[in-house]
Amino acid sequence: MRHVRDEGGPAEDDRGPVIEAPAVLFEIDRAGWDDPLLAAYGDAGRIALYSSKFTEVAVVPPFKYSYGGRLRGLLGVDQLAWVTALLRARPYSKSGWISLTAPGERPDAVPCLTSLAFRLREGRLVMTAAFRSQNALTSYLNYVPLRSIQSEVADDLGVGCGSMRVFVDVPHIYVADAAVVEEILGRSERDGLGEGEGEASPGPAGRSGRDRGGLRPDRGRGAP
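Small disclaimer: the values here were computed from a predicted structure and weren't measured.

Cut-offs and rules
Residues numbered from 1 in each chain as written. Predicted model: local features only at pLDDT ≥ 70, side-chain atom pairs only at ≥ 80, totals over all residues. Heavy atoms only, no water. Pairing = 2+ DSSP bridges. Helix = DSSP H or I, 4+ residues; strand = E, 2+ residues; numbered from the N terminus. Salt bridge = Lys/Arg side-chain N within 4 Å of Asp/Glu carboxyl O. Axes fitted to C-alpha atoms, helices over the stretch in contact; angles between N-to-C directions. Parallel < 35°, antiparallel > 145°, perpendicular 65-115°, else oblique. Left-handed = near helix turned anticlockwise from the far one by under 90°. Contact = heavy atoms within 4.5 Å. Nonpolar A, V, L, I, M, F, W, Y, C, P; charged D, E, K, R; others polar. Buried < 20%, exposed > 50% of the residue type's maximum accessible area, 1.4 Å probe, protein only. Lys, Arg positive; Asp, Glu negative; His and termini not counted. Core = buried A, V, L, I, M, F, W, Y, C linked by side-chain atoms within 4.5 Å.

Trainee: Quick one: what's the story with the sheet that holds strand β1 (residues 9-11), residue by residue and with numbers?
Mentor: The four strands lie next to each other as β1-β2-β9-β7, forming an open sheet whose pairing is mixed. Only two strands of the sheet have a single neighbouring strand rather than two, namely β1 and β7 (134-135).

In structure tokens form, the structure reads like this:
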């Protein structure tokens, strides 16, 4: 959010004016609903809704697509099973890319998360998530479910989880949310999270047990 606020400029969006910033690439070591940053600044009321986008095969309103459906049944292919089989047969492979888009889609239903890449390195599964666009205010609501997807593939392969690399081509915030963003950034600065604090650093992360229900915080469990 600070990156968008400080480096962004005005642009338009179907949902109204936005502030867009240059693309970003970073890595996350750990992500879980019990993270103290999410407890302090997150919106607990939206966690279950956003998690359903990854757990449900059917589209859950108000969303226009389902990541769960695209990961497990895009064009009839269970892509997580496919990438697991690929890496089991060829652990060195760099071909473990799966797409969450399909040719000729309705423009208003093209997902923000466009692809995932899985690689085995030093005995751990590392993952890259590529977003064509992302709302910086709600981005964390995607990262924890994504970590659970990574953990599921890692567990099927019998390995631990490495870091999760995230690329966002167009990070943005909606002008309508600017006051909320300023409030969160102001609170974080008062809490001692200045520039550079709280950022993820590259490196191995701990392994979590496989549990698709871990994407749902109402189960009382989270993906580490």
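Trainee: So what's going on with the pattern of salt bridges? Which residues, and what values?
Mentor: All chains considered together, the criterion is met by eight salt bridges. As a salt-bridge pair, Glu 27 and Arg 165 come within 3.3 Å of each other at their nearest N and O atoms. Placement of the pair is Glu 27 in strand β3 (residues 24-28) and Arg 165 in strand β8 (residues 160-168), with a sequence separation of 138 residues.

Trainee: Would you mind going over the packing of helix α5 (residues 79-89) against helix α6 (residues 140-157) in detail, with residue names and values included?
Mentor: Between α5 and α6, the shortest axis-to-axis distance is 10 Å and the interhelical angle comes to 40°. When the axis of α5 is compared with that of α6, the two are oblique. The hand of the α5/α6 crossing is right-handed. Contact residues: α5 offers Leu 80, Val 83, Thr 84, Leu 87 and Arg 88, while α6 offers Ile 149, Glu 152, Val 153, Asp 156 and Leu 157. Of the residues belonging to the contact of α5 with α6, the class tally is six nonpolar, one polar and three charged.

Trainee: Please provide a residue-by-residue account of the pairing of β8, values included.
Mentor: Burial of β8 is extensive: seven of the nine residues sit out of reach of the surface. The pairing of β3 with β8 spans five bridges and is classified as antiparallel. If you follow Glu 27 over to β8, its bridge partner there is Arg 165.

Trainee: Pulling in residues and values, what's your account of the side chain of Lys 53?
Mentor: Assignment of secondary structure puts Lys 53 in helix α3 (residues 47-55). Although buried, Lys 53 forms no salt bridge, and the nearest oppositely charged side chain, Glu 105, lies 13 Å from it. Those residues in contact with Lys 53 that lie beyond four places of it in its chain are Phe 63, Tyr 65, Ser 66, Tyr 67, Gly 68 and Asn 142.

Trainee: Go over the nonpolar core with me, naming the residues and quoting the values.
Mentor: With 39 residues, the main nonpolar core has Leu 113, Leu 116, Phe 118, Leu 125, Phe 131 and Leu 146 as its most contacted residues. Those elements that place two or more of their residues in this core are β3, α3, α4 (67-73), α5, β5 (113-121), β6 (124-131), α6 and β8. Among the elements that line this core, the one with the most residues is α6, at nine residues. When near neighbours in sequence (up to four residues on either side) are disregarded, Phe 131 contacts Cys 112, Leu 113, Asn 142, Tyr 143, Leu 146, Val 166, Phe 167, Val 168 and Asp 169. Counting nine residues, the second largest nonpolar core, distinct from the first, contains Ala 21, Tyr 41, Ile 173 and Leu 185.

Trainee: Please set out the side chain of Thr 138 residue by residue, giving values where relevant.
Mentor: Its location among the elements puts Thr 138 in the loop between β7 and α6. On the basis of relative accessibility, which here comes to 7%, the residue Thr 138 falls in the buried class.

Trainee: Can you lay out the pairing of β6 for me, pointing to particular residues and giving the numbers?
Mentor: Taken residue by residue, a regular strand's side chains alternate between the two faces of the sheet. Most of β6 sits out of view: seven of its eight residues are buried. Between β5 and the antiparallel strand that follows it, β6, lie two residues; Glu 122 among them carries a positive phi value of about 55°. Of the pairings in the sheet, the one linking β6 to β8 comprises seven bridges and is parallel in character. Residue pairing across strands places Thr 128 opposite Arg 165, the latter belonging to β8.

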